[in-house]
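Fold and geometry: a report
Below, each chain spelled out in residue letters.
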Amino acid sequence: MFVSSPRRHAVCIFYLVLRALDTVEDDMTISLDIKVPMLHEFHSYLYQPEWKYMESKEKDRQVLEDFPTISSEFRNLAKVYQDVISDICHKMGVGMAEFLEKKVDSQHEWDKYCHYVAGLVGIGLSRLFSASELEDPIVGQDTELANSMGLFLQKTNIIRDYLEDQLEGREFWPREVWSRYAKKLSDLAKPENIDMAVQCLNELITNALHHVPDVFTYLSRLKNQSVFNFCAIPQVMAIATLAACYNNKQVFRGVVKIRKGQAVTLMMDATNIQAVKAIMYQYVEEIYQKIPSTDPSSNKTQQIIASIRAMSLPSGPMASRHHYSPIYLSCAMLLAALSWQYLSTVSKAAEEYVQTGEN
């Protein structure tokens, strides 16, 4: 369990509030003249007992229709938790509104977009961890590291979901990168452009790998076991996903995902910093072995992998990896599922594992 009820409750409410905000952003049936003010003002609805939205057509519309229940629970939280959740909700709503009418152009804007939709989640969770005294104040104060945790996950999702996003009319790959390989982002899916598409893919994966050193530093500061598992599991899922995607033409043809057994093993093993470093080392080695000598980003890929290798070397005896009962795994998966953007990284694996256990 997530240590004590009030702390766990705060994380649950944080997730539900951001899920409601995300549902507004994702609903293409809401006109911009309604959606933009809603996103800007969404944080204020937390203090309006009767506010709800009944016009959404999204699959998660229940969080908007039952928002009075969520906001009531929010107002029952300690003020320190309310302040964090309201502040993050406000900043995220403003950021979402900014990117509604513009595409991601530069790599700087890619970082900015990922900050709004995922980095802020990492910052908010870190502030909750510190406010609850589960972790030291520095965890919540060092927003750069917390932001990097979110960016690593969001960039992985964006890279992996190229084809799905294209089919749904969404574009999140930065123009600054893909324009060097194609005239239109959609052209990367054409068979005749597959070689250039893979080179573009490899460059973006190399960009994402630059967040791994921050991930190590962030996780090394965590003291509470539940918090560590909560934060570490999505990160090892992400590096495994990037290793599966690297230099892989299948990203442009279908779905690339890690195996069920692989996902369960990662969840069981990622219980301490040395184990996480060993996992990261394993997957960056897998990437290294696949680097084409002709790839334009090969030197940069090799350089960041060298940095990750150096940080992955154990400073002491390797902590043993433990195997836990299904009950422990269920708790770990529940914790992982509470975080908004983190959910997209682990939910499929968790659902498949639960289904396997039921059969």
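Treat the numbers as computed from the prediction; the structure is a model and nothing was measured.

Scanning the chain from N- to C-terminus turns up 18 helices and 0 strands. Taken across its 359 residues, the chain has 55% of its residues classed as buried. Total accessible area on the chain stands at roughly 15,700 Å², and carbon and sulfur atoms take up 52% of it.

What follows covers the nonpolar core. One recurring pattern in soluble globular proteins: nonpolar side chains tend to sit buried together. Within the largest apolar cluster, 115 residues are counted, with the highest numbers of intra-cluster contacts made by Phe42, Trp173, Leu188, Leu209, Tyr218, Leu219 and Phe252. Residue contributions to this core peak at 14 residues, all from helix α13 (residues 225-245).

Right, let's talk about the packing of helix α5 (residues 79-98) against helix α6 (residues 107-131) for a bit. Interaxial distance between α5 and α6 falls to 9 Å at its minimum, and their mutual angle equals 175°. Looking at the two axes, α5 sits roughly antiparallel to α6. Along its contact with α5, which presents Val80, Tyr81, Asp83, Val84, Asp87, Ile88, Lys91, Met92, Gly95 and Glu98, the element α6 presents Lys112, Tyr116, Val117, Leu120, Val121, Ile123, Gly124, Arg127, Leu128 and Ala131. Each residue belonging to the contact of α5 with α6 can be placed in one class, and the counts come to 12 nonpolar, 2 polar and 6 charged.

Between its first and last C-alpha atoms helix α15 (residues 273-289) spans 24 Å; for 17 residues at 1.5 Å apiece the expected length is 24 Å, and the two agree. Where α15 is concerned, the buried positions are Gln274, Ala275, Val276, Lys277, Ile279, Met280, Tyr283, Val284, Glu285 and Ile287. Sitting at the amino-terminal end of α15 is Asn272, which places a side-chain oxygen 3.2 Å from the backbone nitrogen of Gln274.

Right, let's get into unusual backbone geometry. Within the chain, Glu133 stands out as a residue other than glycine whose phi angle is a positive 65°. For Glu133, the location among the structural elements is in the loop between α6 and α7 (137-141). With a phi angle near 55°, Asn247 is a residue other than glycine that sits in the positive phi range.

In this section: the pattern of salt bridges. As enumerated under the stated definition, the model contains 20 salt bridges in all. With its nearest N and O atoms 3.8 Å apart, the salt bridge here joins Glu65 to Arg61. The exposure class of Glu65 is partly exposed, given its relative accessible area of 25%. Classification of Arg61 by relative accessible area gives partly exposed; the value is 36%. Glu98 is the salt-bridge partner of Lys102, the closest N and O atoms lying 3.1 Å from each other. Here Lys102 falls in the partly exposed class, since its relative accessible area comes to 31%. Residue Glu98 is classed as partly exposed on the basis of its relative accessible area, which comes to 26%. In the salt-bridge network here, residues are joined through shared partners; they are Glu98, Lys102, Glu109 and Lys112.

Here the focus is the confidence of the model for the chain. The share of residues in the chain with pLDDT of 70 or more is 86%, and the mean pLDDT across the chain is 88. In the predicted structure, residues 316-359 sits below a pLDDT of 50 and forms 85 contacts with residues beyond four places in sequence or in another chain.

Okay, the side chain of Gln82 next. Inspection of the secondary structure assignment puts Gln82 in helix α5. Look at Gln82 and you get buried, because its relative accessible area is 12%. Only 2.9 Å separates the side chain of Gln82 from the backbone oxygen of Leu77, close enough to count as a polar contact. Leaving out residues up to four positions away in the same chain, Gln82 has contacts with Tyr47, Phe74, Arg75, Asn76 and Leu77.

Take the environment of Tyr181 next. Assignment of secondary structure puts Tyr181 in the loop between α10 (175-178) and α11 (194-209). Ignoring sequence-local partners within four residues, the contact set of Tyr181 consists of Leu188, Met196, Gln199, Cys200, Glu203, Pro296 and Ser297. Of note is the side chain of Tyr181, whose polar atom sits 2.6 Å from the side chain of Glu203.

Scoring rules and cut-offs
Residues numbered from 1 in each chain as written. Predicted model: local features only at pLDDT ≥ 70, side-chain atom pairs only at ≥ 80, totals over all residues. Heavy atoms only, no water. Helix = DSSP H or I, 4+ residues; strand = E, 2+ residues; numbered from the N terminus. Buried < 20%, exposed > 50% of the residue type's maximum accessible area, 1.4 Å probe, protein only. Areas by Shrake-Rupley, 256 points an atom, 1.4 Å probe, with all protein chains shown as cover. Core = buried A, V, L, I, M, F, W, Y, C linked by side-chain atoms within 4.5 Å. Axes fitted to C-alpha atoms, helices over the stretch in contact; angles between N-to-C directions. Parallel < 35°, antiparallel > 145°, perpendicular 65-115°, else oblique. Contact = heavy atoms within 4.5 Å. Nonpolar A, V, L, I, M, F, W, Y, C, P; charged D, E, K, R; others polar. Expected span 1.5 Å × (residues − 1). Polar contact = N/O pair within 3.5 Å; in protein donor to acceptor, adjacent residues only side chain to side chain. Salt bridge = Lys/Arg side-chain N within 4 Å of Asp/Glu carboxyl O. pLDDT = per-residue confidence, 0-100.

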